[in-house]
Amino acid sequence: MSSQRCFFITFEGIDGAGKSSHIDALAQMLRQQGREVTVTREPGGTPLAEQLRALLLNEPMDALTEALLMFAARRDHLRRVIEPALAQGHTVLCDRFTDATYAYQGYGRGFDLQILDTLENWVQASDALQGGVRQPDLTLWFDVPPAVAAQRLSQARTPDKFEAMPQAFFARVAEGYAERQRQSPQRFARIDGDLPRDAVWQQVVDACMAHGVLQRSSA
Ligand SMILES: Nc1ncnc2c1ncn2[C@@H]1O[C@H](COP(=O)(O)OP(=O)(O)OP(=O)(O)O)[C@@H](O)[C@H]1O
Ligand SMILES: Cc1cn([C@H]2C[C@H](O)[C@@H](COP(=O)(O)O)O2)c(=O)[nH]c1=O
């Protein structure tokens, strides 16, 4: 087990914001600095949660069903992957977490935010925190105008259920992320994703340094 502090870091943003490639690059840099790193994603990250992901990304369902399945997948993921990895001293890089549920199901689909609060408190209760609620130490929020993200995705792949939503939906999702940042400004680092890849990466490095995740020498 590493003696360094380990971190739970999440990556967020509307579809097409451009977060994915930076996750692997950050994992590589952290490993070069001697950290053990677990890279994972939501919904998903365990066999059960990946099965739920396939349903969530492809099957139509009402917003309550969607929120419950997201949190069911998260519970399995926390118990089988995230909590054990943190207990072993790994830094965990997770492509999306609960901010996505607030942004997509809450703001995007209009689902009740107080019910999401309740589910968050139940699902993220952590034995390692003596019943406290597990939250990311740092959330890198890739903020991109919905029109830019839509343009990128149109050139990239066949859209899934969420990616096929109209720009107005993503404008609400983006507002959800902005509200989450206002509620937890210390946890969030806003990354301007509407810039060339190198400039986006530099912001990722700067945010990780500012939060003590990366050491200054090798970035
Ligand atoms: N800074 C950038 N400038 C221009 N294009 C970019 C930039 N970053 C990523 N892209 C392109 O945008 C598309 C979406 O990027 P990517 O898959 O990394 O986004 P994402 O945020 O992970 O999306 P999703 O959450 O939907 O998986 C890809 O085709 C990628 O090559
Ligand atoms: C965790 C989570 C995710 N979503 C949505 C957001 C994306 O459209 C997909 C995941 O696809 P990605 O390419 O892996 O980003 O799921 C959501 O609506 N709610 C959530 O809690």
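For clarity, every value in this text was computed on a predicted model and none was experimentally measured.

Chemist: Honestly, the side chain of E66 in this entry has me stumped. Any pointers?
Modeler: For E66, the position within the fold is in helix α3 (residues 63-87). Setting aside its immediate chain neighbours within four residues, E66 contacts L56, M61, Q105, R109, K161 and F162.

Chemist: Quick question: what am I supposed to make of the UniProt feature "binding site: ATP" (unreviewed entry) in the protein chain here?
Modeler: Under the local residue numbering, the UniProt record ascribes the feature "binding site: ATP" (unreviewed entry) to G13, I14, D15, G16, A17, G18, K19 and S20. Structurally, A17 can be placed in the loop between β1 (8-12) and α1 (20-32). A relative accessible area of 3% means that A17 is categorised as buried. Excluding residues within four positions of it along the chain, A17 makes contact with F142, V144, A149, R152 and G193. Turning to its location among the elements, G18 is positioned in the loop between β1 and α1. Overall, G18 belongs to the partly exposed group, its relative accessible area being 34%.

Chemist: Would you mind going over the site of ligand 1 with me for this structure?
Modeler: Taken together, 14 residues surround ligand 1, and among them G18, K19, S20, R157 and L195 come closest. Take K19: an N or O atom from its side chain is 2.8 Å from an oxygen atom of ligand 1. In isolation ligand 1 offers 630 Å² of accessible surface; the protein chains occlude 77% of this area.

Chemist: What is the right way to look at the site of ligand 2 in this model?
Modeler: Taken together, 14 residues sit near ligand 2, with D15, R53, R96, T101 and Q105 positioned nearest. Here an oxygen atom of ligand 2 and a side-chain polar atom of R74 are 3.2 Å apart. Protein contact buries 94% of the 480 Å² of open area that ligand 2 shows by itself. For the shell around ligand 2, the element with the highest residue contribution is helix α4 (residues 98-108), accounting for 4 residues. Classifying every residue of the shell around ligand 2 by side-chain character gives 6 nonpolar, 2 polar and 6 charged.

Chemist: How should I be thinking about the environment of S154 in this particular structure?
Modeler: Locating S154 in the fold gives a position in helix α6 (residues 146-154). The sequence separation of S154 and A103 amounts to 51 residues, and the corresponding C-alpha distance is 22 Å.

Chemist: Would you explain the sheet that holds strand β3 (residues 91-95) in this entry?
Modeler: Working definition: the strands of a sheet are paired by backbone hydrogen bonds and lie parallel or antiparallel to each other. With respect to topology, 5 strands assemble into an open sheet ordered β2-β3-β1-β4-β5, the strand pairing being parallel. Each having just a single partner strand, β2 (37-41) and β5 (188-192) make up the two edges of the open sheet. In this sheet, neighbouring strand axes are inclined to one another by 20° on average, regardless of whether the strands run parallel or antiparallel. Note: β2 against β3, 5 bridges, orientation parallel. Opposite T40, over in β3, you have C94 as the bridge partner. Contacts between helix α8 (residues 197-210) and the sheet are confined to β4 (138-143) and β5, with β5 contributing the most and set at about 165° to the helix.

Chemist: Quick question: what am I supposed to make of the packing of aromatic side chains here?
Modeler: What describes a pair of aromatic rings is the distance from one ring centre to the other and the angle between the planes of the rings. For the structure shown, the criterion picks out 8 aromatic pairs. On the numbers, 5.0 Å between centres and 80° between planes, the contact of F8 with F97 is edge-to-face. A residue pair is termed long-range when its members are at least 10 positions apart, and F8 in strand β1 and F97 in the loop between β3 and α4 qualify at 89 residues. For the pair F8 and F97, one class covers both residues: buried. A connected cluster of aromatic rings, assembled from ring pairs, spans Y104, F162, F169 and F170.

Chemist: I would appreciate a short explanation of the UniProt feature "domain: Thymidylate kinase-like" (unreviewed entry) in the protein chain in the present structure.
Modeler: Per the UniProt record, "domain: Thymidylate kinase-like" (unreviewed entry) is annotated on residues 11-203. In the segment residues 11-203, helix accounts for 54% and strand for 12%; the C-alpha atoms at its two ends are 13 Å apart.

What counts as what
- Residues numbered from 1 in each chain as written.
- Chains lettered and ligands numbered in written order.
- Predicted model: local features only at pLDDT ≥ 70, side-chain atom pairs only at ≥ 80, totals over all residues.
- Heavy atoms only, no water.
- Helix = DSSP H or I, 4+ residues; strand = E, 2+ residues; numbered from the N terminus.
- Contact = heavy atoms within 4.5 Å.
- UniProt positions renumbered as here; feature names shortened; annotations may be inferred.
- Buried < 20%, exposed > 50% of the residue type's maximum accessible area, 1.4 Å probe, protein only.
- Near = heavy atom within 4 Å.
- Polar contact = N/O pair within 3.5 Å; in protein donor to acceptor, adjacent residues only side chain to side chain.
- Areas by Shrake-Rupley, 256 points an atom, 1.4 Å probe, with all protein chains shown as cover.
- Nonpolar A, V, L, I, M, F, W, Y, C, P; charged D, E, K, R; others polar.
- Pairing = 2+ DSSP bridges.
- Axes fitted to C-alpha atoms, helices over the stretch in contact; angles between N-to-C directions.
- Phe/Tyr/Trp six-rings, centres within 6.5 Å; stacked < 30°, edge-to-face > 60°.

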